[in-house]
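# Secondary and tertiary structure notes
Next come the chains, spelled out residue by residue.
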Amino acid sequence: MLVLGIETSCDETACAVVENGERILSNCITSSVSIHEKFGGIVPEVASRYHVEFILPVLEEALKEANVRIGDIDLVAATYGPGLVGSLLTGLNMAKAFSLSQNKPFMAVNHLAAHLYASFLVSPQPELPAVGLIVSGGHTELVLINDFDQMEILGNTRDDAVGEAFDKVAKILGLGYPGGPIIDRLARKGDTKKIKFTSARFKDSLDFSFSGVKTAVLYHVRKQTVISELTAGDINDICAAFQYSVVNVLVDNARRACHRKKINQLVLGGGVSANSSLREKIKELSASDSIKVFIPPVNLCLDNAAMVAGLGFRLYNKPSAKSDLSIEPAPILAL
Ligand code: KG4
Ligand code: ZN
């Protein structure tokens, strides 16, 4: 079965063709991120207009690269939430129009679940049940994945999401947007031990909270800059210490979730799973705790449409399938 996936929840305009939920034939993407850079964050109206302009060329590119014609597609899947409402509207309406005009079935897909599906697009695939850790710009969640339509939330973000914390700390340091990849790069040159930042931990809960560590960075920077300008070395050390504290809490909560549920499969998804330190440290759980860790390749960690097409296939024919053409964008959507 050939599935066309469409993803427009934020600043990426993406289309992909995936066969039988596992073979990626094309995975095309363009992003308005460089336009948002100068504003220090996503400007929703700019993102929406970009989607309208680029969705058709990206769709054509995805079909061409997969070497298939429009009529070869068996199912069209699109993200319906969570995300920016104007952005979601473009991809969702595109998918509905495709479905109506081509007389092909349609599936609406949850973006967060799609992030977890990314690990199922590469081999070896995880087995279910597994624990899932979603680390994206808007979400930090630990879930028990019994199946892709049966997830149980184990831990959630109480304030800032982890990607949001990376982006805000980068802003405090004047590093640009998006901050995650920049902090990741600078942290490699810094000392993790020179400064100590602490990310919140909850004894009886697997929840996360990152606003405290972000504020600690802000106060540290304010204190420092009264005395002197921050040097490049200072900035590297702040990035290293911040990232160290955040990654430790992510790895620790994921480990606790696996032990609590007696599950030895851990699946990562979302933009922050591109982080080199997180990838490295979480893989150590395999030796220390016998937990098999599945992390998608970096291009599948970030927003893409292959994960949407894959999950669309997986959910097709399930009783919970959201295939009604009247479905609306859901900017705030839980798993
Ligand atoms: O999943 P994603 O592409 O979009 C959302 O669904 O939100 O995640 C974007 C987030 C941004 O906050 C970005 O700074 C972060 O992922 N990110 C990273 C890295 N690459 C992207 N954070 C830390 N290290 C990275 N290498
Ligand atoms: Zn995402």
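Note that residues are indexed from 1 along each chain, following the sequence as it is written. Each chain is given a letter, starting from A, and each ligand a number, starting from 1, according to the order in which they appear as written. Only residues with pLDDT of at least 70 are given local features in this predicted model, and only at 80 or more are side-chain atom pairs given and counted; all residues enter the totals for whole chains, interfaces and linings. Note: side-chain values were computed over all heavy atoms of the structure, leaving out hydrogens and water.

### Considerations on the sheet that holds strand β9 (residues 265–269)
Pairing is mixed across the open sheet formed by 5 strands, whose spatial order is β8-β7-β6-β9-β10. Each end of this open sheet is capped by a strand with a single partner; those strands are β8 (150–155) and β10 (292–294). The average angle at which neighbouring strand axes cross in this sheet is 25°, direction not considered. Against the sheet, helix α9 (residues 276–283) engages β6 (130–135), β9 and β10, with an angle of about 175° to β9. Pairing between strands is defined by DSSP: at least two bridges between the two strands are required. A run of H or I in DSSP counts as a helix once it spans at least four residues, and a run of E counts as a strand once it spans at least two, with each numbered from the N terminus. Structural elements are reduced to axes, namely lines fitted to C-alpha atoms, with helices fitted over the stretch in contact, and the angle between N-to-C directions of any two is expressed from 0 to 180 degrees. By definition, residues are in contact when any of their heavy atoms lie within 4.5 Å.

### Comments concerning the site of ligand 1
One heavy atom within 4 Å of a molecule or strand is enough for the residue carrying it to be called near that molecule or strand. Taken together, 19 residues lie around ligand 1, and His115, Gly137, Asp167, Asp184 and Gly271 are the ones closest in. The side chain of Asp303 places a nitrogen or oxygen atom 3.2 Å from an oxygen atom of ligand 1. Relative to its unbound accessible area of 550 Å², ligand 1 is 88% covered by the protein chains. Those elements that place two or more of their residues in the shell around ligand 1 are α4 (111–117), α5 (162–172) and α6 (179–187). Each residue is assigned to one of three groups, with Ala, Val, Leu, Ile, Met, Phe, Trp, Tyr, Cys and Pro labelled nonpolar, Asp, Glu, Lys and Arg labelled charged, and all others, Gly among them, labelled polar. Its residues assigned to classes, the shell around ligand 1 shows 6 nonpolar, 10 polar and 3 charged. A 3.5 Å cut-off defines polar contacts: any pair of N or O atoms within that distance qualifies, except that in protein one atom must be a possible hydrogen donor and the other a possible acceptor, and neighbouring residues in sequence count only when both atoms are side-chain atoms. Accessibility throughout is a Shrake-Rupley quantity obtained with a 1.4 Å probe, and a residue counts as covered only by protein chains that appear here.

### Some details on the coordination of the zinc ion (ligand 2)
Note on metal sites: the ideal angle is 109.5 degrees for four tetrahedral donors, and 90 or 180 degrees for six octahedral donors. Only nitrogen, oxygen and sulfur atoms qualify as donors, and only when within 2.8 Å of the metal (3.2 Å in the case of Na, K and Ca); with water excluded, sites may look incomplete. The coordination sphere of the zinc ion (ligand 2), as far as protein atoms go, consists of His111 (NE2), His115 (NE2) and Asp303 (OD), spread over 2.0 to 2.1 Å. Within one chain, the residues serving as donors to the zinc ion (ligand 2) are arranged as H-x3-H-x187-D. Highlighted residues: His111 in helix α4 and Asp303 in the loop between α11 (298–301) and α12 (306–315), separated in sequence by 192 residues. Here His111 and Asp303 have matching classes, each one buried. Under the scheme applied here, a residue whose accessible area is under 20% of the maximum for its type counts as buried, over 50% as exposed, and between as partly exposed, the area being computed with a 1.4 Å probe on protein chains only.

### With respect to the pattern of salt bridges
For this document, the term salt bridge refers to a Lys or Arg side-chain nitrogen within 4 Å of an Asp or Glu carboxyl oxygen. Here the structure, examined in full by the defined rule, presents 14 salt bridges. A salt bridge links Asp72 to Arg69; its shortest N-O distance comes to 3.7 Å. By relative accessible area, Arg69 is classed as exposed at 62%. Between Arg314 and Asp147 there is a salt bridge, and its shortest N-O distance comes to 3.9 Å. Here Arg314 is found in helix α12, whereas its partner Asp147 is found in strand β7 (residues 140–147), with 167 residues between them in sequence. Residue classification places Asp147 among the buried positions, given a relative accessible area of 17%. Residues joined by salt bridges that share partners form a network here, namely Asp160, Glu164, Lys168 and Lys214.

### Describing the packing of helix α2 (residues 44–66) against helix α3 (residues 85–102)
Between α2 and α3, the least distance of the axes is 8 Å, while the angle of their chain directions is 25°. Of the possible angle classes, the one that applies to α2 and α3 is roughly parallel. For the crossing formed where α2 meets α3, the hand is right-handed. In this structure, α2 uses Ala47, Ser48, His51, Val52, Ile55, Leu56 and Leu59 to contact α3, whose residues at the interface are Gly86, Ser87, Thr90 and Met94. Tallied by class, residues from the contact of α2 with α3 come to 6 nonpolar, 5 polar and no charged. Roughly parallel means an angle under 35 degrees; roughly antiparallel means over 145; roughly perpendicular covers 65 to 115; every other angle is labelled oblique. Definitions for this section: a left-handed crossing has its near helix turned counterclockwise from the far helix by less than a right angle. A right-handed crossing has that turn clockwise.

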